[in-house]
Amino acid sequence: MITVSELKAGVIFGDNEQDEYVYMPASEIGVDHPLCVYENAGQRSDVDLEEALRLIRVRALRATRHPVLGSSSC
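The text that follows walks through the structure, step by step, so that each part is easy to find.

Reading guide: rules and limits
- Think of each chain on its own: its residues are numbered from 1, step by step along the sequence as written.
- Since the coordinates come from a predicted model, pLDDT governs what is reported: local features require at least 70, and pairs of side-chain atoms require 80 or more to be given and counted, while whole-chain, interface and lining totals use all residues.
- Working from all heavy atoms in the structure, the side-chain values ignore hydrogens and water.
- Secondary structure elements follow DSSP: runs of H or I of four or more residues count as helices, runs of E of two or more count as strands, with numbering from the N terminus.
- For the exposure calls, accessible area comes from a 1.4 Å probe over protein chains only, and a residue counts as buried if that area is under 20% of its type's maximum, exposed if over 50%, partly exposed in between.
- Arc, as used here, means the arc of the directions from the helix axis to the C-beta atoms.
- Here a residue-residue contact requires only that any non-hydrogen atoms of the pair lie within 4.5 Å.
- In these notes, a set of buried Ala, Val, Leu, Ile, Met, Phe, Trp, Tyr and Cys residues joined through side-chain atoms within 4.5 Å is what counts as a nonpolar core.

### A word on unusual backbone geometry
Although it is not a glycine, Asp 19 adopts a positive phi angle of roughly 55 degrees. Inspection of the secondary structure puts Asp 19 in the loop between strand S1 (13-15) and strand S2 (20-23). In this structure Asp 19 comes out as partly exposed when scored by relative accessible area, which is 33%. Here Ala 41, not a glycine, exhibits a phi torsion of approximately 55 degrees, which is positive. Mapped onto the elements of the fold, Ala 41 is located in the loop between strand S3 (35-40) and strand S4 (43-48). The class for Ala 41 is exposed, based on a relative accessible area of 57%.

### A closer look at helix H2 (residues 49-58)
Within H2, the full set of buried residues consists of Leu 49, Ala 52, Leu 53, Leu 55 and Ile 56. What you see down the axis of H2 is that its buried residues fit within an arc of 160 degrees, all on one side. Exposed and oriented more than 90 degrees from the buried face of H2 are Glu 50, Arg 57 and Val 58. Buried-residue contacts for H2 involve helix H1 (2-8), S1, S2, S3 and S4.

### Observations concerning the nonpolar core
Formed by 14 residues in total, the largest nonpolar core has its most connected members in Leu 7, Val 22, Cys 36, Val 47, Leu 49, Ala 52 and Ile 56. Mapped by element, the contributors of at least two residues to this core are H1, S3 and H2.

Below, the structure written as structure tokens:
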């Protein structure tokens, strides 16, 4: 699935108007069971890769630019 490859490449998915983002931190790239970060309205939580993919799909998040990290989490 292209989204998994994009997450592993540091692409940040989100919605700037809703202040909502999903990304894989650089420290998680290459580990067996990576965690991703879900940010929503200033709150951050760790989610597994499966949940990150679900959030991207259900919330219709697209590749975007994070207000602090920029265009990549790496």
